[in-house]
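Letter by letter, the chains look like this.
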Amino acid sequence: MTAKLLEKREIPTGIDGFRLWPELLDVAAQRAMLAEIASMAEKAPFYRPVMPRTGRPFSITMTNCGDLGWVSDKEGYRYQPAHPETGTPWPAMPAAVRRVWDALAPEAPSPQCCLVNWYLTEKARMGLHQDRDEADFTAPVVSISLGDPARFRIGGTTRKGKTHSVMLNSGDVMVLSGESRLAFHGIDHVRFGATGLLAEIGFPGGGRINLTMRRVS
Ligand code: MD6
Ligand code: FE
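Described below are features of the structure shown in this document.

## Description of the side chain of Arg208
- Along the chain, Arg208 falls in strand 12 (residues 208–214).
- Lacking a salt bridge, the buried Arg208 has Asp172 as its closest oppositely charged neighbour, with an N-O distance of 8.2 Å.
- A distance of 2.8 Å separates the side chain of Arg208 from the side chain of Ser145, its partner in a polar contact.
- Sequence-distant contacts of Arg208, defined by excluding residues within four places in its chain, comprise Asn117, Trp118, Tyr119, Ser145, Leu146, Asp148, Ala150, Leu168, Ile187, Val190 and Leu198.

## Quick notes on the coordination of the iron ion (ligand 2)
- Taken together, the protein donors to the iron ion (ligand 2) comprise His129 (NE2), Asp131 (OD) and His185 (NE2), at separations of 2.1 to 2.2 Å.
- Counting along the primary sequence, the residues that act as donors to the iron ion (ligand 2) give the motif H-x1-D-x53-H. Taken together, the residues Asp131 in the loop between strand 6 (126–129) and strand 7 (141–147) and His185 in strand 11 (residues 185–190) connect sequence positions 54 residues apart.
- The class of Asp131 is buried, set by a relative accessible area of 7%.
- Assessed through its relative accessible area of 7%, His185 is described here as buried.

## Let's talk about the sheet that holds strand 11
- As summarised here, the arrangement of the four strands in space is 6-11-8-9, forming an open sheet in which the pairing is antiparallel. Of all the strands in the sheet, the pair left with one neighbour each is strand 6 and strand 9 (164–168). Within this sheet the neighbouring strands show an average axis-to-axis angle of 25°, counted without direction.
- Here five bridges tie strand 8 (residues 150–154) to strand 11, and the two strands are oriented antiparallel to one another. Bridge assignment links Phe152 to a residue of strand 11, and that residue is Ile187.

## A few points about the site of ligand 1
- Near ligand 1, the surroundings consist of 14 residues, among which Tyr119, His129, Ser143, His185 and Arg208 are the closest.
- A distance of 3.3 Å is found between a nitrogen atom of ligand 1 and a side-chain nitrogen or oxygen belonging to Asp131.
- In the model, an oxygen atom of ligand 1 is placed 2.8 Å from a nitrogen or oxygen of the Arg208 side chain.
- Looking at the shell around ligand 1, the elements that each hand over two or more residues are strand 6, strand 7, strand 10 (173–176), strand 11 and strand 12.
- Sort the elements by how many residues they give to the shell around ligand 1 and strand 12 lands first, with three residues.
- Split by residue class, the shell around ligand 1 holds seven nonpolar, five polar and two charged.

## As for the layout of surface pockets
- Each pocket or cavity is described by its volume, and for the largest pocket that value is around 820 Å³.
- Taken together, 39 residues form the lining of the largest pocket, with Phe58, Tyr77, Met126, Gly127 and His129 sitting closest to its centre.
- For the lining of the largest pocket, the secondary structure elements donating two or more residues are strand 4 (76–80), strand 5 (113–119), strand 6, strand 7, strand 10, strand 11 and strand 12.
- In terms of residue class, the lining of the largest pocket is built from 18 nonpolar, 11 polar and 10 charged.

## A look at the pairing of strand 2 (residues 61–65)
- Counting buried positions along strand 2 gives five out of five residues, so the element sits mostly inside the fold.
- By the alternation rule, side chains of strand 2 split into Thr61, Thr63 and Cys65 and Met62 and Asn64, which are all buried.

## Considerations on the packing of aromatic side chains
- Applying the stated rule across the entire model yields six aromatic pairs.
- Note on Phe18 and Phe152: the rings are 6.0 Å apart at their centroids and 35° apart in plane angle, and the pair reads as tilted. Of this pair, Phe18 sits in strand 1 (residues 18–21) while Phe152 sits in strand 8; the two residues are 134 residues apart in sequence, bridging distant segments of the chain.
- Given a relative accessible area of 3%, Phe18 falls into the buried group.
- Relative to Trp118, the ring of Phe46 lies with its centre 5.0 Å away and its plane at 65°, an arrangement referred to as edge-to-face. Taken as a pair, Phe46 in the loop between helix 2 (27–43) and strand 2 and Trp118 in strand 5 lie far apart in primary sequence, 72 residues in all.

## Here we look at the packing of helix 2 against helix 3 (residues 95–104)
- Their axes nearest at 9 Å, the elements helix 2 and helix 3 cross at an angle of 120°. The orientation of helix 2 with respect to helix 3, classified from their angle, is oblique. Contact residues: helix 2 offers Met33, Glu36 and Ile37, while helix 3 offers Ala95, Ala96, Val97 and Val100.
- The class makeup of the residues in the contact of helix 2 with helix 3 is six nonpolar, no polar and one charged.

Parameters at a glance
- Residues numbered from 1 in each chain as written.
- Chains lettered and ligands numbered in written order.
- Predicted model: local features only at pLDDT ≥ 70, side-chain atom pairs only at ≥ 80, totals over all residues.
- Heavy atoms only, no water.
- Helix = DSSP H or I, 4+ residues; strand = E, 2+ residues; numbered from the N terminus.
- Buried < 20%, exposed > 50% of the residue type's maximum accessible area, 1.4 Å probe, protein only.
- Lys, Arg positive; Asp, Glu negative; His and termini not counted.
- Salt bridge = Lys/Arg side-chain N within 4 Å of Asp/Glu carboxyl O.
- Polar contact = N/O pair within 3.5 Å; in protein donor to acceptor, adjacent residues only side chain to side chain.
- Contact = heavy atoms within 4.5 Å.
- Donors = N, O, S within 2.8 Å, 3.2 Å for Na, K, Ca; no water.
- Pairing = 2+ DSSP bridges.
- Axes fitted to C-alpha atoms, helices over the stretch in contact; angles between N-to-C directions.
- Near = heavy atom within 4 Å.
- Nonpolar A, V, L, I, M, F, W, Y, C, P; charged D, E, K, R; others polar.
- 1 Å grid on protein atoms, 1.4 Å probe; cavity = no way out; pocket = protein on both sides within 12 Å on 5 of 7 lines; lining within 4 Å.
- Points joined across faces, edges and corners; volume = space filled by probe spheres on them.
- Phe/Tyr/Trp six-rings, centres within 6.5 Å; stacked < 30°, edge-to-face > 60°.
- Parallel < 35°, antiparallel > 145°, perpendicular 65-115°, else oblique.

Structure representation (structure tokens):
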């Protein structure tokens, strides 16, 4: 991906630091990336985290790759070097995933974590949250959507206040940087079953996958 191509493909969001490239990954690239994630998940299986304190299960399942993985359990949110259920170190980040970071965050140091969220049912969603478990917020978060479309909501740095909705389709890539790095955001709804992409490539049941790459420390 050349700088010129990236410039041409980016669409303005009107929100400072929130950048969006619709279908930056073509279908072949989406398929190749999903195949890599599926084989990565054989080493680090998807599991269902629970909320801090309440122990309520998430509606999505998760896994990670890279040096650190984001986990949630009764004790809280944190990053750790091994899978919470298998105790095995997280697998390496697939090169194709890493290349997206290099293209869109060329000035940032290497990503340490790639969190993989799998929305596997009609009801799976993600409540409004900030990504703030990292020690440093100067690096952006780079996010890749694969599979069924989803409605992403993004607001400001307080929970109250105006929000905007964006439909995310397979192959869309977003960056949350600057002002938006600490914006509240979430997934309201997934159009479950709208594409057959995941089910074709190692994700029985289909749905949506989101990858978020972060710098942690
Ligand atoms: C999702 N994404 O798209 C959830 N966080 O499934 C996130 O929570 C997210 O897309 C930080 C930056 C980009 C994101
Ligand atoms: Fe997030």
